[in-house]
Amino acid sequence: MTNLTETELQHLRTCFDIARAAKQRGDTPFGACLVDQNGKVLLEAGNATVTNQDVTAHAESEVVRAASKHYSPDELDKMTLFSSAEPCAMCAGAIAWSGIGRVVYALGSKRVEQLDQPEPHIPTVSGRTIMETAKGAPVVIGPVLEDEAAAVFSD
């Protein structure tokens, strides 16, 4: 396990709560939050692909979309996006484009595939690879707390 603070671990657990709420709404159980350099949660989102009837309404993309409207690139560079799971290729691309400086995720993509029914049109390149190879790449930490994150799928 990486050296995350108790506050950072709590941010991941907040993502699990957001994911549970998404699941209760009928969406897939994914959650994300954006935290500033002082540890303050600025934005939260759960997956809303079903409720919004929008295949791009993933938790991370929703956070990135809102963040890019409200914060400058310099501010985003100092922020951390926490996610209940490794961002998919689409979300990883959005994160890379946003300039968010750090990403911490719980459940790795391989484990997500084991727990969730795979969609027929999902890119197979890992989100981590996309983020880590982007120009001005964010720091990427994960997987962390995988067993807790996996429990969200079976709750």
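Residues numbered from 1 in each chain as written. Predicted model: local features only at pLDDT ≥ 70, side-chain atom pairs only at ≥ 80, totals over all residues. Heavy atoms only, no water.

As recorded in an unreviewed UniProt entry, the protein goes by Nucleoside deaminase and comes from Litchfieldella rifensis.

K.L.:
When you look at the pairing of strand 2 (residues 41–46) in this model, what are you seeing that I'm missing?
P.N.:
Here strand 1 (residues 31–35) pairs with strand 2 via five bridges, running antiparallel. Residue pairing across strands places cysteine 33 opposite glutamate 44, the latter belonging to strand 2. What sits between strand 1 and strand 2 in their antiparallel hairpin is a turn of five residues, with glycine 39 showing a positive phi close to 90 degrees. (Pairing = 2+ DSSP bridges. Helix = DSSP H or I, 4+ residues; strand = E, 2+ residues; numbered from the N terminus.)

K.L.:
Would you take a moment to explain the nonpolar core for this structure?
P.N.:
One broad trend across soluble globular proteins is that nonpolar side chains are buried collectively. In this structure, Leu4, Leu12, Phe16, Phe82, Leu107 and Val144 are the most contacted members of the largest nonpolar core, which totals 22 residues. Broken down by element, the residue count for this core peaks at five residues, all from helix 1 (residues 6–25). Ignoring anything within four residues of it in the chain, the contact list for leucine 4 reads Leu9, Leu12, Arg102, Val104, Ile141 and Val144. Core analysis: the second largest hydrophobic core is formed by 18 residues, Ala32, Val64, Ala67 and Ile95 among them. (Core = buried A, V, L, I, M, F, W, Y, C linked by side-chain atoms within 4.5 Å. Buried < 20%, exposed > 50% of the residue type's maximum accessible area, 1.4 Å probe, protein only. Contact = heavy atoms within 4.5 Å.)

K.L.:
Would you mind going over the pairing of strand 3 (residues 80–85) with me for this structure?
P.N.:
The side chains of a regular strand alternate between both faces of the sheet. Within strand 3, six of the six residues are buried, which leaves it mostly tucked inside the rest of the structure. As judged from the four bridges shared by strand 1 and strand 3, these two strands associate in the antiparallel manner. When the bridges of strand 3 are listed, valine 35 appears paired with threonine 80. Of the pairings in the sheet, the one linking strand 3 to strand 4 (residues 102–107) comprises five bridges and is parallel in character. In the strand pairing of strand 4, leucine 81 is matched with valine 103. A crossover connection joins strand 3 to the parallel strand 4 through helix 4 (residues 89–98); in handedness this β-α-β unit is right-handed. (Right-handed = clockwise from strand over helix to strand, strands pointing away.)

K.L.:
Help me understand empty space enclosed by the protein, please; the structure alone is not making it clear to me.
P.N.:
Over the atoms rolls a probe the size of a water molecule, and in doing so it shows where empty space is left. Enumeration over the complete set of coordinates arrives at one cavity of 30 Å³ or more. By volume, the largest cavity is sized at about 30 Å³. Every residue along the wall of the largest cavity is listed here: Phe16, Ala19, Pro29, Phe30, Ser84, Ala85, Ala149, Val152 and Phe153. Elements that contribute at least two residues to the lining of the largest cavity include exactly helix 1, strand 3 and helix 7 (146–154). With three residues, helix 7 is the largest single contributor of residues to the lining of the largest cavity. (1 Å grid on protein atoms, 1.4 Å probe; cavity = no way out; pocket = protein on both sides within 12 Å on 5 of 7 lines; lining within 4 Å. Points joined across faces, edges and corners; volume = space filled by probe spheres on them.)

K.L.:
Would you mind going over the packing of helix 1 against helix 7 with me for this structure?
P.N.:
The relative placement of two packed helices comes down to the angle between their axes together with the axis-to-axis distance. Where helix 1 meets helix 7, the closest approach of the two axes is 9 Å, and the angle between their N-to-C directions is 10 degrees. One finds that helix 1 runs roughly parallel with respect to helix 7. The segment helix 1 lies against helix 7, with Arg13, Phe16, Ala19, Arg20 and Lys23 engaging Glu148, Ala149, Val152, Phe153 and Ser154. Split into classes, the residues belonging to the contact of helix 1 with helix 7 amount to five nonpolar, one polar and four charged. (Axes fitted to C-alpha atoms, helices over the stretch in contact; angles between N-to-C directions. Parallel < 35°, antiparallel > 145°, perpendicular 65-115°, else oblique. Nonpolar A, V, L, I, M, F, W, Y, C, P; charged D, E, K, R; others polar.)

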